[in-house]
Amino acid sequence: SPPLGDRPLTVGMFYPAHHRKNLFAQCLAVRIALTHGYRLKLITNFRPPIDLAADVRSWMPRGVYEQVLHQIRLNLHVTVTESFGYQVVDALLHGAPSIVSGCVAENLFSLGGNYTPDRNFGVIRDFEDVPGIATAIAELVMYPDGLTALWYRQTKALTVLAVDHRDRLQILLSTLVD
């Protein structure tokens, strides 16, 4: 990643406003990172549940959403529950890795046998670990090369998942046709 210099790290959070999305803890982690002097710019699609400056975007057409995703360098997706986490995939496709909860990591990165649910993978095991989320953000601000490394690890794992699902889908479809 290019050095941040005087620019803030642009962080994205895009969810429906629902308690299982863990909005309070993630927003609090961003605020803690800000109060410790880390330069961040937050872009969301919801009004933060605490006093926190954010570029709030409401509903966006897909093209506008993709333009916004091109602006972020880090995505937060430390949710309580998640079936798949398409938003993480969208962020990765636009070059931004994600700090994720265990449930997101298990669904997106665990297939293929090469998955380790740790901080090197951007995983916060306890979604309520506000200091852990804030520390993970701070580390990526201090060492922007970590953003590229995290993006690479997550993208590689997601590719393994995609290939595995493609193979399973081909088998399923062939049984339906036969």
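In this text, all values refer to a predicted model and were calculated from it rather than measured experimentally.

### Describing the overall build of the protein
Here is step 1 of the chain: A count of helices and strands for the protein gives 6 helices and 6 strands.
Here is step 2 of the chain: Helices and strands in the protein line up, N terminus first, as β-α-β-β-α-β-α-β-α-β-α-α.
Here is step 3 of the chain: Per-residue burial for the protein yields a buried fraction of 44% across its 178 residues.
Here is step 4 of the chain: Sequence-distant contacts, at least 24 apart, represent 61% of the contacts inside the protein between residues at least 6 apart.
Here is step 5 of the chain: Roughly 9,400 Å² of accessible area belongs to the protein as shown, and the carbon and sulfur atoms make up 58% of that amount.

### A word on the nonpolar core
Here is step 1 of the chain: Grouped together as the largest cluster of nonpolar side chains are 29 residues, with contacts concentrated most on L40, L74, L76, I99 and I137.
Here is step 2 of the chain: With 7 residues, helix 5 (residues 130-142) is the single largest residue contributor to this core.
Here is step 3 of the chain: Beyond its immediate sequence surroundings of up to four residues, I137 is in contact with A29, V30, A33, L40, L74, L76 and I99.
Here is step 4 of the chain: Counting 13 residues, the second-largest nonpolar core is a separate cluster that includes V89, V104, F121 and A157.

### Comments concerning the environment of H19
Here is step 1 of the chain: Inspection of the secondary structure assignment puts H19 in the loop between strand 1 (9-13) and helix 1 (23-35).
Here is step 2 of the chain: In this structure H19 comes out as exposed when scored by relative accessible area, which is 65%.
Here is step 3 of the chain: Expressed as a C-alpha distance, the spacing of H19 and V80, which sit 61 residues apart in the sequence, is 8.3 Å.

### A short note on helix 4 (residues 102-109)
Here is step 1 of the chain: Residues of helix 4 that are buried include every one of G102, V104, A105, L108 and F109, and no others. Viewed end-on, helix 4 has its buried residues packed into an arc of 155 degrees, placing them on one side of the element.

### Notes on the packing of helix 1 against helix 5
Here is step 1 of the chain: One can describe the packing of helix 1 onto helix 5 by two numbers: an axis separation of 8 Å at closest approach and a directional angle of 50 degrees. With respect to helix 5, the element helix 1 is oriented oblique. For the pair helix 1 and helix 5, the crossing hand works out as right-handed. The segment helix 1 lies against helix 5, with A25, Q26, L28, A29, V30, I32 and A33 engaging V130, I133, A134 and I137.

Here is what the cut-offs are and how they apply
Residues numbered from 1 in each chain as written. Predicted model: local features only at pLDDT ≥ 70, side-chain atom pairs only at ≥ 80, totals over all residues. Heavy atoms only, no water. Helix = DSSP H or I, 4+ residues; strand = E, 2+ residues; numbered from the N terminus. Buried < 20%, exposed > 50% of the residue type's maximum accessible area, 1.4 Å probe, protein only. Contact = heavy atoms within 4.5 Å. Areas by Shrake-Rupley, 256 points an atom, 1.4 Å probe, with all protein chains shown as cover. Core = buried A, V, L, I, M, F, W, Y, C linked by side-chain atoms within 4.5 Å. Arc of directions from axis to C-beta. Axes fitted to C-alpha atoms, helices over the stretch in contact; angles between N-to-C directions. Parallel < 35°, antiparallel > 145°, perpendicular 65-115°, else oblique. Left-handed = near helix turned anticlockwise from the far one by under 90°.

As far as function goes, none of this settles anything; it's purely spatial.
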